[in-house]
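Close look at the chain arrangement
These are the residues of each chain, in order.
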Amino acid sequence: AKVNGRKQTCFYNPTMSRDLARRREIEAELRSAIQKNELSIFFQPIVDLATGRIRTFEALVRWFHPEKGELRPDEFIPVAEETGVIVTLGNWITAQAAKAAVQWPEDVTVAVNLSPLQIKAPGAALGIKNALREAGLAPERLELEVTESLLLDDNYATEAFIEDLSQIGVRFALDDFGTGYSSLGYIQKYPFKKIKVDRSFVSGPNVGKKTDAIIRAVAELGSKLEMDIVAEGLETIEQVRTVREAGCTLGQGYYFSRAVPDYLAAMLLAQEAGA
Ligand code: C2E
Ligand code: CA
Ligand code: CA
Ligand code: CA
């Protein structure tokens, strides 16, 4: 990533230098954002497509900046990764997610996104275990979402991390499936409980007969290997019907709900319990 930063000096480009300045600013402020209480975790439901019930909430970080307003994770997570802040931030996110999840019914799990750097950091598995212990959350109720790019440079540290945590019951999900260097080898090698089919297969310019066939094939693979297949980015009832028809077991997207603060997540669950 640093190499890319240097390439930009070839031409004078006002947009780029503005971007760079913004990144530097974000970097400096990110370090103190946790202490200043500017970050919070929102939760987006992942719904059982057969019953309509919430099975999981995915934890998604939000930054409410006093001047810049709400910053999207796509804007600051990469900066946090480049600077290493992601390790501290990631542990904080996992801890917050675990604290929220202990309040929910026992059959509802929480999913946390992991960055590659977090896994490779020394004591990475320990950070997760500490978060579980401090919150008093059973490991089976935590899911860790990893992407193919994370597995791309899989090495001993990655294997040990996944092995170690799977052993105590933590589940792993393969996120953004189909966007990267999809390798069935990863599914073979690692004990994934879940595959999340990227939203580009559900909506957008590329959706058609081909994507439908791909979703069907992935869903069939999932049922044979006893993995849940999640369709991401469901915005319409038609999309929900299509992916359910194709064999996906779980769905996530604005059709069901956006990511909401923890008290609203708890309310959604209470409503279900009452229904
Ligand atoms: P992701 O893991 O693929 O998360 C799903 C993203 O899609 C979220 O955006 C979510 O709000 C959005 N989304 C959900 N349903 C729909 C829908 O129906 N339509 C559309 N258009 N979008 C939908 P968000 O929260 O902005 O997060 C973006 C990415 O930032 C995430 O992608 C994830 O890679 C990263 N991220 C978010 N929170 C964390 C975190 O706590 N830790 C790490 N390491 N990365 C995070
Ligand atoms: Ca995710
Ligand atoms: Ca995803
Ligand atoms: Ca994504």
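What comes next concerns the included structure.

Rules used throughout
- Residues numbered from 1 in each chain as written.
- Chains lettered and ligands numbered in written order.
- Predicted model: local features only at pLDDT ≥ 70, side-chain atom pairs only at ≥ 80, totals over all residues.
- Heavy atoms only, no water.
- Salt bridge = Lys/Arg side-chain N within 4 Å of Asp/Glu carboxyl O.
- Helix = DSSP H or I, 4+ residues; strand = E, 2+ residues; numbered from the N terminus.
- Buried < 20%, exposed > 50% of the residue type's maximum accessible area, 1.4 Å probe, protein only.
- Axes fitted to C-alpha atoms, helices over the stretch in contact; angles between N-to-C directions.
- Parallel < 35°, antiparallel > 145°, perpendicular 65-115°, else oblique.
- Contact = heavy atoms within 4.5 Å.
- Nonpolar A, V, L, I, M, F, W, Y, C, P; charged D, E, K, R; others polar.
- Donors = N, O, S within 2.8 Å, 3.2 Å for Na, K, Ca; no water.
- Near = heavy atom within 4 Å.
- Polar contact = N/O pair within 3.5 Å; in protein donor to acceptor, adjacent residues only side chain to side chain.
- Areas by Shrake-Rupley, 256 points an atom, 1.4 Å probe, with all protein chains shown as cover.
- Pairing = 2+ DSSP bridges.
- Right-handed = clockwise from strand over helix to strand, strands pointing away.
- Core = buried A, V, L, I, M, F, W, Y, C linked by side-chain atoms within 4.5 Å.

1. What to know about the pattern of salt bridges
Counting across every chain of the model gives 18 salt bridges. For the salt bridge of Arg31 with Glu27, the shortest nitrogen-to-oxygen distance reads 3.7 Å. Remark: Glu27 and Arg31 occur in helix H2 (residues 14-33); sequence separation between them is four residues, near one turn of the helix. The class of Glu27 is partly exposed, set by a relative accessible area of 29%. A salt bridge links Lys189 to Glu159; the shortest N-O distance between them is 3.1 Å.

2. A word on the packing of helix H10 (residues 209-224) against helix H11 (residues 237-246)
For the pair H10 and H11, the least separation of the axes is 8 Å and the interaxial angle reads 50°. Here H11 runs oblique to H10, going by the angle between their axes. Across the interface between the two elements, Asp212, Ile215, Arg216 and Ala219 from H10 touch Thr242, Val243, Glu245 and Ala246 from H11. A breakdown of the residues in the contact of H10 with H11 according to their chemical character gives four nonpolar, one polar and three charged.

3. A closer look at the coordination of the calcium ion (ligand 2)
Here the calcium ion (ligand 2) is held by the protein donor atoms Glu58 (OE), Asn113 (OD1), Glu145 (OE) and Asp175 (OD), which lie 2.1 to 2.3 Å from it. In this model, the calcium ion (ligand 2) sits 3.9 Å from the calcium ion (ligand 3), the two metals being bridged by Asp175. Placement of the pair is Glu145 in strand E5 (residues 142-147) and Asp175 in strand E6 (residues 171-177), with a sequence separation of 30 residues. Neither residue differs from the other here; Glu145 and Asp175 are each classed as buried.

4. Some words on the coordination of the calcium ion (ligand 3)
Donor atoms from the polypeptide that bind the calcium ion (ligand 3) are Asp175 (OD), Asp176 (OD), Glu232 (OE) and Glu232 (OE), placed at 2.1 to 2.8 Å. All donors of the calcium ion (ligand 3) come from a single chain, and their spacing in sequence reads D-D-x55-E.

5. Things to note about the site of ligand 1
Inspection of the region around ligand 1 gives 21 residues, with Arg62, Arg72, Ser115, Glu235 and Tyr254 positioned closest. A distance of 3.2 Å is found between an oxygen atom of ligand 1 and a side-chain nitrogen or oxygen belonging to Arg199. With the chains in place, 87% of the 790 Å² that ligand 1 exposes on its own is no longer accessible. Every element with two or more residues in the shell around ligand 1 is listed here: strand E2 (54-65), helix H3 (73-83) and E6. When grouped by side-chain class, the residues that make up the shell around ligand 1 number seven nonpolar, five polar and nine charged.

6. What about the pairing of strand E8 (residues 228-231)?
Consecutive residues of a regular strand have side chains that alternate between opposite faces of the sheet. Taken together, the four bridges between strand E7 (residues 192-197) and E8 define a ladder with parallel strand orientation. Opposite Ile195, over in E8, you have Ile229 as the bridge partner. Once the chain exits E7 it traverses H10 before rejoining the sheet at E8, and the crossover so formed is right-handed. Looking at chain direction, E8 and strand E9 (residues 250-251) are connected through two bridges and run parallel. Looking at the pairing, Ala231 lines up with Gly251 of E9. Of the crossover connections in this fold, the one passing from E8 over H11 to the parallel E9 is right-handed.

7. Side note on the environment of Glu140
With respect to the helices, strands and loops of the structure, Glu140 is situated in the loop between helix H6 (124-135) and E5. Here the alpha-carbon distance between Glu140 and Gly169, two residues 29 residues apart in the chain, equals 4.8 Å. The contact partners of Glu140, leaving out residues within four places of it in the chain, are Thr109, Ile168, Gly169 and Arg171.

8. Some details on the nonpolar core
Counting 73 residues, the largest nonpolar core has Phe43, Leu144 and Phe161 as the members making the most contacts within it. Of the residues forming this core, the biggest block, eight residues, is contributed by helix H4 (residues 86-101). Those residues within four positions of Phe161 in sequence are excluded, and the remaining contacts are Leu114, Ile119, Ala124, Ala125, Ile128, Leu144 and Phe172.

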